[in-house]
Amino acid sequence: MFALVDVNNMYVSCERVFRPALNGKPVVVLSNNDGACIARSNEAKDLGVKMAQPWFEVKHLERSAGLIALSANFELYGDMSSRMMVLAARYAPRQEIYSIDECFLDFEGVPGNLAAIGRALRRQVLQWVGLPTSVGFGPTKTLAKLANHVAKTADRKPGTYPTRLAQVCDFGILGPEELDDVMRRTDVGDIWGVGRKTAPKLHDAGIRTVLDLKRADAATLGRQLGVVMQKTVRELQGTRCLEVDDDPPAQQQIMCSRSFGNPVTELPELIEVVSGFATRVGRRLREQQEACNAVHVFITTSPYRKMDPQHSPTATLPLPRPTADTRVLVNASVTALRGIYKPGYRYVKAGVMLVELLSSKQEPTSLELFDEPEHLQPDGRRNLMATLDALNERFGRDSVSIASSAKRSARSTHASRQERRSPRYTTRLDEVIVARA
Amino acid sequence: MLRERATVSASTPRSRVAISFGSPAGESGVTRLDLNEILIRNPQAAFLVRIAGSAMREAGIDDGDLALVDRALDANHGQVVIAVHQNEFLCRRLCRRDEALGLQAPAPDVPDIWASEADNVDVWGVVTHVIKQVSG
């Protein structure tokens, strides 16, 4: 069985840990230049604020409905994310960090009551880190994702699904008819692998609910809508097509992470790996015609090597402006890595995540797309290394100074752009919370 | 004089010679004392909080001190906690009297706060250590 664990309204929930006055209030978090709503509290959703809605369209709710808008605080979210991820990883043999606020856990071979394990995980993350999560269990990643949707929706909107599925939902304990009923209640556009463009096409074909999609013929749909759709249908039918660490389809965050074959201790080797990841996510970013506002980097030792000293740091580096330029992404990633790396630890995994994506059409003037050499088009390790070679050839020893100057400019523009940003409570000593005594 | 540490241990799978300063775990098994390890039992639940005010002075906590908070611990009667009261963070000693939850400070002029249905008290985390700057 797989589990999908994610944080409810991640960015808003992070803010609420340190600003209790925000509890129960409609809150949105705005993108770097305070342009669009990239996170909403349930109360803000109830006011009708849509995901990615421009701020100027909902600004009137500040006065009329008490809507509170905050600038994104990616240093805070990145640190809170790493705390949550380390805790979640303890519950299963394998973890795939899928985005800043969600991870898959592979429970293959784990005995016992999974729903009880999910509730224990949820309780621990809530107490230790202060973040509310939803946990969904399913025999495939697509079904785990659907179970997570059910867990979250049943909690937020009573009556949509059976109450006992709220917060933690295990499809493994449902009978076939109960599972069909859950799928009948779910719009096909709400599941993983069905995008905004695909959902109307499915609707046109008479496929409205997830149950309709599950009962469709995978091969036929695959011919019409592509291999991702074919996999989605087969996963809904219970056949595993996606394993942990398989590259997931495009999403709000773009992520590349890998476990190493052997532990890595040296910085140059990690720089090589992280640069490669940054290059890959940069390419995916441009494929999606998007730009990002911050880069999140993590490295981790193995919790299963009990004798090893443990170190699982993360860093989130805001970028001076939205970019899809691989050079900037690589430099930012390496800068972040240098900040968190400590010698003497045996790292077994690293990852680079691009966060706060926006359509590159939104800010055309701020983009400088990196022209990739032709030999870099398809995926693959050979090309990844070729990219590194190209980067090294292009930047040589100067890449270090570029990275450090990028960090300075990121800091200096940070304050001017983010008027409503809360303090970075967990990453800056002069910004920690203050308690009255 | 600086000395390099060079040890080889046949019992460990890594056969390389480790030459380093401040490596957390050398091949010899000798580890330099690390305040993080000494003070922080649960790194994912550890938070720093700045103290403002002198109500807790007799409990050894002064204005400007840095409190180390562990959210993993369940708060018990008598422990110093960071609590949320009326949307504000307070540093107080926790009291449990029967079922009631209270916040007290040793300073005589500071009134006790008792949780009621209308006036909630949430324990945010347990203070485990206090860091004071003495000089420098």
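What you are looking at is a predicted structure, and each value in this text was computed from that prediction instead of being measured.

Colleague: For the overall build of chain B, give the residues involved together with the corresponding values.
Modeller: In terms of helices and strands, chain B carries one helix and nine strands. Per-residue burial over chain B gives 22% buried out of 136 residues. Across chain B, contacts joining residues at least 24 apart in sequence account for 46% of those joining residues at least 6 apart.

Colleague: Please give an account of the packing of helix α13 (residues 267-287) of chain A against helix α14 (residues 326-340) of chain A that cites residues and values.
Modeller: Residue and element names in this part refer to chain A. Two elements in contact, α13 and α14, have axes separated by 9 Å at closest approach and are oriented at 145°. Along this stretch, α13 crosses α14, giving a crossing that reads as right-handed. Judged by residue contacts, Leu270, Ile271, Val274, Ser275, Ala278, Thr279, Val281 and Gly282 of α13 engage Thr326, Leu329, Val330, Ser333, Val334 and Leu337 from α14.

Colleague: Describe the interface of chain B and chain A, with residues and values.
Modeller: Interface size is commonly expressed as the accessible surface area that is lost when the partners come together. Contact with chain B, which involves 27 residues of that partner, is made by 20 residues of chain A. Only β3 (46-52), β5 (80-85) and β6 (88-97) of chain B provide two or more residues apiece to the side of chain B that touches chain A. Per-class residue counts for the side of chain B that touches chain A are 17 nonpolar, seven polar and three charged. Relative to β3 of chain B, strand β13 (residues 433-436) of chain A is paired through four bridges, and the arrangement is parallel. Note on β3 of chain B: the bridge partner recorded for Ile433 of chain A is Val49 of chain B.

Colleague: Please provide a residue-by-residue account of the sheet that holds strand β5 (residues 94-99) of chain A, values included.
Modeller: Hydrogen bonds between backbone atoms are what pair the strands of a sheet, whose relative direction is either parallel or antiparallel. Residue and element names in this part refer to chain A. Read across the open sheet, the five strands follow the order β5-β6-β1-β7-β8; overall the sheet is mixed. The sheet is open, and its two edges are formed by β5 and β8 (168-170), each paired on a single side. Within this sheet the neighbouring strands show an average axis-to-axis angle of 15°, counted without direction. Alignment of strand β1 (residues 2-7) against strand β6 (residues 102-106), held across five bridges, turns out to be antiparallel. Of the residues in β6, the one forming a bridge with Asp6 is Glu102. Helix-sheet contacts for helix α7 (residues 141-156) involve β1, β6, β7 (133-138) and β8, and the interaxial angle to β7 is about 140°.

Colleague: How would you explain the confidence of the model for chain A if you had to name every residue and give the values?
Modeller: Residue and element names in this part refer to chain A. Mean pLDDT over chain A: 84, with 85% of residues reaching 70 or higher. Scored below 50 in pLDDT, residues 362-382 shows 23 contacts in the model against residues more than four places distant or in partner chains. Considering only residues more than four positions removed or in separate chains, one finds that residues 396-416, a stretch of pLDDT under 50, has 19 contacts.

Colleague: Summarise the nonpolar core; cite the residues concerned and give the values.
Modeller: Core analysis: the biggest nonpolar cluster contains 149 residues, and Ala3 and Val274 of chain A together with Ile82 and Cys91 of chain B have the highest contact counts within it. Ranked by the residues each element gives to this core, the list is headed by helix α5 (residues 74-89) of chain A, at 10 residues. In this structure Val274 of chain A touches Val297, Ser333, Val334, Leu337, Ala350 and Val352 of chain A, once residues within four positions along its chain are discounted.

Colleague: I'd love a proper account of the sheet that holds strand β9 (residues 254-264) of chain A, names of residues and values included.
Modeller: All names here are of chain A. The sheet built from four strands is open, its strands ordered β9-β12-β10-β11 with antiparallel pairing. With one partner strand each, in any of the chains shown, β9 and β11 (314-323) form the two edges of the open sheet. Averaged over all pairs of adjacent strands, the angle between their axes in this sheet comes to 15°, without regard to strand direction. Pairing analysis gives six bridges linking strand β10 (residues 290-301) to β11, with the strands arranged antiparallel. Across the sheet, the residue bridging to Cys292 is Thr323, located in β11. Against the sheet, α5 makes contact with β10, β11 and β12 (347-359), and its axis sits at roughly 145° relative to β11, the strand it touches most. Along the sheet face, α13 touches β9, β10 and β12 and points at about 30° away from the line of β12.

Colleague: Which residues make up the environment of Val210 of chain A, and what values do they have?
Modeller: Residues and elements named next belong to chain A. The residue Val210 is located in helix α10 (residues 210-214) in this model. Assessed through the 26 C-beta atoms surrounding it within 10 Å, Val210 is described here as buried. Residues Val210 and Cys241 lie 31 residues apart in sequence; the distance between their C-alpha atoms is 17 Å. If near-sequence neighbours (up to four positions away) are discounted, Val210 is found in contact with Leu146, Met183, Thr186, Val188, Ile191 and Leu236.

The rules behind each value
- Residues numbered from 1 in each chain as written.
- Chains lettered and ligands numbered in written order.
- Predicted model: local features only at pLDDT ≥ 70, side-chain atom pairs only at ≥ 80, totals over all residues.
- Helix = DSSP H or I, 4+ residues; strand = E, 2+ residues; numbered from the N terminus.
- Buried ≥ 20, exposed ≤ 12 C-beta atoms within 10 Å, placed from the backbone.
- Contact = placed C-beta atoms within 7 Å.
- Axes fitted to C-alpha atoms, helices over the stretch in contact; angles between N-to-C directions.
- Left-handed = near helix turned anticlockwise from the far one by under 90°.
- Nonpolar A, V, L, I, M, F, W, Y, C, P; charged D, E, K, R; others polar.
- Pairing = 2+ DSSP bridges.
- pLDDT = per-residue confidence, 0-100.
- Core = buried A, V, L, I, M, F, W, Y, C linked by C-beta atoms within 7 Å.

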